[in-house]
Amino acid sequence: MTKMNLFSTTVCAVAAAVFLAGCGKSEPGAPGATTGGSSSGASGEVIKVGEFASLTGKEATFGQSSHEGTAMAIEEINAAGGLLGRKLELVTEDTQSKAGEPATVVNKLVSRDNVVAVLGEVASSRSLEAAPICQQSKIPMISPSSTNPKVTESGDFIFRVCFIDPFQGTVMANFASKTLNAKKVAVFTDVKSDYSKGLAKFFKEQFTKNGGTIAGELDYNGGDKDFKGQLTAIKSENPDAVFVPGYYTDVALICIQAKQLGLNVPFMGGDGWESEDLVKIGQGAVENHYFSTHYHPDVGSETSKKFVANYKKHYNGKTPDALAACGFDSAAVLADAIKRAGSTDGQKVRDALAATKDFDGVTGKITINEKRDATKSAVILQIKDGKYKYLTTVNP
Ligand code: PHE
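Here's a quick rundown of the structure. (Residues numbered from 1 in each chain as written. Predicted model: local features only at pLDDT ≥ 70, side-chain atom pairs only at ≥ 80, totals over all residues. Heavy atoms only, no water.)

**A word on unusual backbone geometry**
The residue after Gly120, namely Glu121, is reached through a cis peptide bond having omega -20 degrees. Mapping Glu121 onto the fold places it in the loop between strand E4 (117-119) and helix H4 (124-137). Not every positive phi belongs to a glycine, and Leu84 is a case in point at roughly 55 degrees. Residue position: Leu84 is located in the loop between helix H2 (60-79) and strand E3 (88-94). (Helix = DSSP H or I, 4+ residues; strand = E, 2+ residues; numbered from the N terminus.)

**Description of the sheet that holds strand E11 (residues 290-293)**
Spatial strand order, E8-E7-E9-E10-E11-E14-E15: seven strands in an open sheet with mixed pairing. Whereas interior strands pair on both sides, the edge strands pair on one side only; in this sheet they are strand E8 (213-220) and strand E15 (387-394). Strand-to-strand twist across the sheet, computed as the mean angle between neighbouring axes with direction ignored, equals 25 degrees. Two strands pair when backbone bridges link them, and strand E10 (residues 267-269) and E11 are joined in this way by two bridges, in the parallel orientation. Within E11, the position partnered with Met268 by the bridge is Tyr290. Contacting strand E7 (184-190), E8 and E10, helix H9 (residues 248-260) crosses the sheet at an angle of about 170 degrees to E10. (Pairing = 2+ DSSP bridges. Axes fitted to C-alpha atoms, helices over the stretch in contact; angles between N-to-C directions. Contact = heavy atoms within 4.5 Å.)

**Observations concerning the environment of Glu68**
In this structure, Glu68 sits in helix H2. Given a relative accessible area of 2%, Glu68 falls into the buried group. Sequence-wise, Glu68 and His314 are 246 residues apart; in three dimensions their C-alpha atoms are separated by 9.2 Å. (Buried < 20%, exposed > 50% of the residue type's maximum accessible area, 1.4 Å probe, protein only.)

**Digging into H4**
With 14 residues, H4 extends 20 Å from end C-alpha to end C-alpha; this agrees with the ideal 20 Å at 1.5 Å per step. At Ala130, H4 shows its maximal bend, which comes to roughly 30 degrees, and the proline Pro132 appears one to four places after that position. Buried within H4 are the following residues: Ser124, Arg126, Ser127, Leu128, Ala130, Ala131, Ile133, Cys134 and Gln135. Lys138 sits one or two residues past H4 and shows a positive phi near 55 degrees. (Expected span 1.5 Å × (residues − 1). Bend = angle between axes of the 7 residues up to and from the residue.)

**Concerning the sheet that holds strand E1 (residues 34-36)**
Pairing is mixed across the open sheet formed by six strands, whose spatial order is E1-E3-E2-E4-E5-E6. Each edge of the open sheet carries a strand with a single partner, namely E1 and strand E6 (158-160). Within the sheet, the average angular offset between the axes of one strand and its neighbour, ignoring direction, is 25 degrees. Across three bridges, the pairing between strand E5 (residues 141-143) and E6 is parallel. Bridge pairing in E6 links Ile142 to Phe159.

Pasting the structure below:
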């Protein structure tokens, strides 16, 4: 074993211990540890792929789900013989849902582990923090599900396999106007999150274009526990609905406190609502509300059906969410690009990624456009009996 391997094994063991303590379960490909081929194999060097994800902390379910999808894709590729005659090894780092961590861990992936590409993050603010490091090192980065437009504007090595928020905001504004028939909507924004600020802005632009009025624009800071002051202000505006482009932990508390205050209008949000914990924390208070996201396991192509079946087998009957599907697609699109590039060279993989066309992803056909984003449809879901009920698909 080389010195490098010894070092990374130690670091991984520590990270894995933290992860296990944090959520009390061990998944295949435990984060911090590596998933896939071993460097000691006789068939030459493994191809190391980096991943950074919020495996613990406030948005832990984002990172965990995304990682499960990503790790499964890597395992499937290896089972089918790997790439360029070599096995893939996924090196996963935890961002702990915290600012400051993405830069630290992505620097490690790039300099210590010499990964050929980086997959991550889910949250836009954390992708934005790491993107300049990948760009400078000329290591392609693919975010599975960060939707703020600025992420891929970080440079020509930065990609995503999902839609962006000008589209998602438009989808929900049109849903508010046309389906809910809302004329007055309040918007409640997490000012600590690039995602939330962007999605709020794009929603407002389209909703006012539709002839609607924004009645009450209030702010919170992700991690706050008491939202009653702002919710009282929102209630006094008598809105027909409330748009909360936040993440599930905050959204669940917001819905609980809104209900306590008697603010009984439909709440709407975006993909940041998607977590099994939204319903666990929010219970009855999130019932009947709506959000848009990337994927629903009940609707989709043959590729999606195969993914759902394999995922259930792999993860004890668990149904995949959009994060898992996007994570899977990020690794699958990378593998496809490495294959077409015939190389793991950063520039060549970048060029191949940029040329991705009609790739058959779990979340739909993926074509990387000139802004290195994917143009894809969104689904709108409603929370019914504690489950996410599919309502409709909106095409771009
Ligand atoms: N789109 C969100 C962001 O950019 C992250 C997210 C994706 C959350 C998918 C949940 C599901 O921050």
